[in-house]
Structures are given as C-alpha cells and as structure tokens.
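# Structure assessment
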Amino acid sequence: MRPLLLAALLATGACTVTQHPPLDDAALHRKQLTLDTHLDTPMHFARPGWDFGARHGHESDLVQVDLGRMDAGDLDGGFFVIYTAQGPLTPQGYADAKAFAFRRLGEIETTLAKFSSRIALATKAGDAARIDRAGKRFAYISIENSYPLGDDLSLLGEFYKRGVRLAGPVHFRDNQFADSATDKPRWNGLSPLGRKWVKEMNRLGMVIDASHASDAVLDQLIETSRTPILLSHSGPRATYDHPRNLDDDHIRKLAASGGAICMNSAYLGKSSTSPELGVLYDKSEQMAEMTPAEQASLIAQIRALERTQPSGQAADFETYMGGLLHLIQVAGVDHVCFGADWDGGGGVKDFEDIDALPKVTARLRAAGYSEVDLQKMWSGNVLRLLRIADERKGR
Ligand SMILES: [Zn+2]
C-alpha cells in the first residue's frame, strides 16, 4: 500500500492496519510456487554414478538441476523432458526413436519412484500446489520433438496415460509433423499429419509446445488449436535476432490468443565457443555411456578450458534480464513464464544453474512487479494452460 493512501485511511478511521514487515527478496522467492517448463535433466537420470538426489556444484558437474538444489527452495518443480534427436523419416528411424523415447520415459519413472519421498509426478494443474504443500518437489513430463510417434498418433495416448501433458511437434530439423525454426520450409507450416497431431493433442487434453517450431507453424497452431499455445523455452527476437526467438508481433499474437512464452536462457547472444571446447561439449552428450572416472576427467577438462577459452554465448545475467523485461513489456505478466533450457544448453555467466533463480525474483521486484505478478509468471500462467487443455479435452 502506498504511504499516502495508508495515511488517508488511518485519518478517516476506515480500517485497522496490521503492519507486517515486508518479506525480503529471498523469502519472497521461497514463498512463490516456482516452475520451469523445460528441464533436460532426464538425459542424466541413467548416467552411471550420477545421483539426482545429491547437490552437485558447477566445478564438479555439468548438470544444472538436481533435487539438492531444488530442495534448497529455488525451484519447486517443472517439466522433465523426453527429448529425442531428429533422425531419418523412415520406418527404422521411427522405430529407433520410439524405443529411445519410451526408454527415457521409463528412466524418468524409475527416478521418480526412487526419490518418491522427495518428488512426485504431477499431471493436473492443481497437483503442483498440492505436492508442494506435502513438502515435495513436483514433476510434470513433456515431449520435445514428436518424431518418435512416427505416423502412429495413438502413441500420444500411451504417453498421456503415463503422465505426459506437454509436447512439441518438432526440434532442430523439419519432420513428419512440422517445419522447424532452424530448417528450410518443407510444409510451409504444419504437414497434413501435423494437423491431425494438433487434433489428437486437443482431444487428449495435452498442452501444445511451439518452441523450435517455425513462425508459420506457430501461426497455424494458434489458428487450429482449441487451447492456448505454450512456448516452453524461447525468447524475444528484439534482443537477439535468431529464428528460435519470437518477434514482437508474434509475441503479441500469442498473448492475444491466451498463450504464454517461457523465457529461455539460450539464444541470448552469439555463440562464442572455441572449437576445442565445442568438441568437449559434444563429447559430454555421451556422458551416460562413460564410467564415473571418465565423466570426472571430461568435466575437469571442460572447466579448466573454460577458464582460458571463450565458451557458450556472448551473454550474461544482464542480457538474460534485458530479454525477460522486454518479453514482459510486450506480452504482459499474464503471458510470460520461465523455461531456461537447464541441462539442454541454457545458462549464462552469473546465471549458471537453478541456484541463481532468486536473483530473478529480486530483479523483477526491483523493476516494480508485484507478488501477484510474480506468482503468475513463476507458475500461474503455465498452470492456467494445463487447466484449460484438461477442461476442453475429449471434444
Ligand atoms: Zn530445445
């Protein structure tokens, strides 16, 4: 309440005011129900010697999310991703991708079962707050790249039954459903099968994720989906011109249609990774096949080289905040959320892992955003989209 208004109310005896000391930024962050829409951490779930329950540090591990850091209060939950790399559009390619995606889903289920006293599967919008109240972290499951479905849309129902509630049609390259933001147009948007995919997503009550899709695909998703579209990890093109980001017109169009865009921490600036480090980063994607000793040696090499050679993006926490504030200004607080692509390429200097999240709350508060605004962006907007998709299913 503003002091003048408070003085006026007291002078008129209009109310009795109990004054609580304002929460400090850290306490306000802990009070928020916080959610990130794109956690690529499951690719580490079956990695030999790695423990999701532990608390890892930047020097000794590449992973940015674990239960140790989630429990510390910085992140209450999020969408754990079944990511499948794009392969050939052939029966064999589809069969391999399907086997891979169901194996990854199984690894997520095994991990949730192993840590069932600390984290639980969430499938409904109301589950996040319910599980949080029980003192646990919550895990929604999502699909990045629907390539593993092949041409069999009934598989979406299989994933739904096992808890998946968010899926995107495409990744870095065009596939059987849609054009990618980072490939040449093949379908000029959605393919005929992609349009059926939209119908099936709506019928099941799953939220559609347009991150990685081309602008034409986003336009067609907004036109054809019965429920609002989410972009689980994307940013504004105005602050970094890249096809993975959205121009202001598309941000406005998305917001006008009721959707939401979750701020990414990748594609904030030009990649400046040295070739030598690039080779090691590529190697790190195979860490699940390495022994713990081989993993430790690779991590040590990477961290040592990062001290002397350029790595990652020419961007830092200030760049991230610049993009985020622009996004909020254009979309409005009802249409922004958080999806930093942790463990999938996200993270910049001074914003290296989920330990950095309270800084975002502090900066948004300093920029004038209220506790109510923050709650919408930290989880409310995403949960609204889940609720709408569920309410309109089956039609
Ligand atoms: Zn991605």
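A brief structural summary. Here the structure is a predicted model, which is why all the values come from computation and not from measurement.

Each helix and strand counted, the chain has 14 helices and nine strands in total. Against the globule reference of 21 Å for 395 residues, the chain gives a C-alpha radius of gyration of 21 Å, in line with a compact fold. Its C-alpha atoms put the chain at 80 × 55 × 40 Å along the principal axes. Here the chain, with 395 residues, has 54% of them falling under the buried criterion. Within the chain, contacts between residues separated by at least 24 positions form 71% of all contacts whose residues are at least 6 apart in sequence. Carbon together with sulfur atoms contributes 54% to the accessible area of the chain, which is approximately 16,700 Å² in total. Of note, the chain has its 45 positive side-chain charges centred 6 Å away from the centre of its 51 negative side-chain charges.

This part is about unusual backbone geometry. Trans peptide bonds make up most of the peptide bonds, and negative phi angles are found at most residues other than glycine. One non-glycine residue, Tyr267, lies in positive phi territory at about 60°. Along the chain, Tyr267 turns up in the loop between strand 8 (260–263) and helix 10 (275–284). Even without a glycine there, the phi angle at Asp341 is positive, about 60°. Among the structural elements, Asp341 can be located in the loop between strand 9 (336–338) and helix 13 (357–366).

To continue, consider the pattern of salt bridges. Under the defined criterion, the tally for this structure stands at 23 salt bridges. The closest approach of N and O atoms between Arg55 and Asp355, which form a salt bridge, is 3.0 Å. On the criterion of sequence distance, the pair formed by Arg55 in the loop between strand 1 (35–39) and helix 3 (67–74) and Asp355 in the loop between strand 9 and helix 13 is long-range, its members being 300 residues apart. In this structure Asp355 comes out as partly exposed when scored by relative accessible area, which is 30%. Residues joined in a network through salt bridges with shared partners are Asp71, Arg118, Asp132 and Arg137.

Another point: the sheet that holds strand 9. Taken in spatial order, the three strands line up as 7-8-9 in an open sheet, and their pairing is parallel. With one partner strand each, in any of the chains shown, strand 7 (230–234) and strand 9 form the two edges of the open sheet. Adjacent strand axes in the sheet meet at a mean angle of 30° when their direction is disregarded. Taken together, the three bridges between strand 7 and strand 8 define a ladder with parallel strand orientation. What sits directly across from Leu230, in strand 8, is Ala260. Contacts between helix 12 (residues 317–331) and the sheet are confined to strand 8 and strand 9, with strand 9 contributing the most and set at about 150° to the helix.

Moving on: the side chain of Glu144. Topologically, Glu144 is positioned in strand 4 (residues 137–144). Of the buried charged residues, Glu144 lacks a salt bridge, with Arg244 as the closest side chain of opposite charge at 5.7 Å. Within polar-contact distance, the side chain of Glu144 engages the side chain of His38 at 3.2 Å. When near neighbours in sequence (up to four residues on either side) are disregarded, Glu144 contacts His38, Asp40, Val81, Ile82, Tyr83, Thr84, His171, His212 and His233.

Turning to the packing of aromatic side chains, a few remarks are in order. Two descriptors summarise a pair of aromatic rings, namely the distance from one centre to the other and the angle between the planes of the rings. Following the criterion strictly, the structure yields 15 aromatic pairs and no others. Judged by centre distance (4.8 Å) and plane angle (15°), the ring pair of Phe79 and Tyr140 falls under stacked. With Phe79 in strand 2 (residues 77–83) and Tyr140 in strand 4, the pair connects residues that are 61 residues apart, well separated along the chain. Given a relative accessible area of 0%, Tyr140 falls into the buried group. Following the ring pairs from residue to residue traces out a cluster consisting of Phe45, Trp50, Phe52, Phe80 and Phe115.

Moving on to the side chain of His233. Mapping His233 onto the fold places it in strand 7. In this structure His233 touches His38, Glu144, Ser211, His212, Arg244, Cys262, Asn264, Gly339 and Asp341, once residues within four positions along its chain are discounted.

Attention now moves to the pairing of strand 5 (residues 164–167). Here three bridges tie strand 4 to strand 5, and the two strands are oriented parallel to one another. Looking at strand 5, one finds that Ser142 is bridged to Leu166. Handedness of the crossover joining strand 4 and strand 5 through helix 6 (residues 154–161) is recorded here as right-handed. Where strand 5 and strand 6 (residues 207–208) come together, two bridges link them in parallel fashion. In the sheet register, Leu166 faces strand 6, and the bridge partner there is Val207. In terms of handedness, the path from strand 5 via helix 7 (residues 192–204) over to strand 6 forms a crossover that is right-handed.

Let's shift gears to the state of the cysteines. In a disulfide, the sulfur atoms of two cysteines are covalently bonded to one another. Applying the stated criterion across every chain yields a total of one disulfide. Here Cys262 connects covalently by a disulfide to Cys337, the sulfurs 2.1 Å from one another. With the S-S dihedral at roughly -80°, the linkage between Cys262 and Cys337 falls on the left-handed side. Placement of the pair is Cys262 in strand 8 and Cys337 in strand 9, with a sequence separation of 75 residues. By relative accessible area, Cys262 is classed as buried at 0%. What makes Cys337 buried here is its relative accessible area of 1%.

Cut-off values and rules
Residues numbered from 1 in each chain as written. Predicted model: local features only at pLDDT ≥ 70, side-chain atom pairs only at ≥ 80, totals over all residues. Heavy atoms only, no water. Helix = DSSP H or I, 4+ residues; strand = E, 2+ residues; numbered from the N terminus. Rg over C-alpha atoms; globule rule 2.2 N^0.38 Å. Buried < 20%, exposed > 50% of the residue type's maximum accessible area, 1.4 Å probe, protein only. Contact = heavy atoms within 4.5 Å. Areas by Shrake-Rupley, 256 points an atom, 1.4 Å probe, with all protein chains shown as cover. Lys, Arg positive; Asp, Glu negative; His and termini not counted. Charge placed at Lys NZ, Arg CZ, Asp CG, Glu CD. Salt bridge = Lys/Arg side-chain N within 4 Å of Asp/Glu carboxyl O. Pairing = 2+ DSSP bridges. Axes fitted to C-alpha atoms, helices over the stretch in contact; angles between N-to-C directions. Polar contact = N/O pair within 3.5 Å; in protein donor to acceptor, adjacent residues only side chain to side chain. Phe/Tyr/Trp six-rings, centres within 6.5 Å; stacked < 30°, edge-to-face > 60°. Right-handed = clockwise from strand over helix to strand, strands pointing away. Disulfide = S-S within 2.5 Å.

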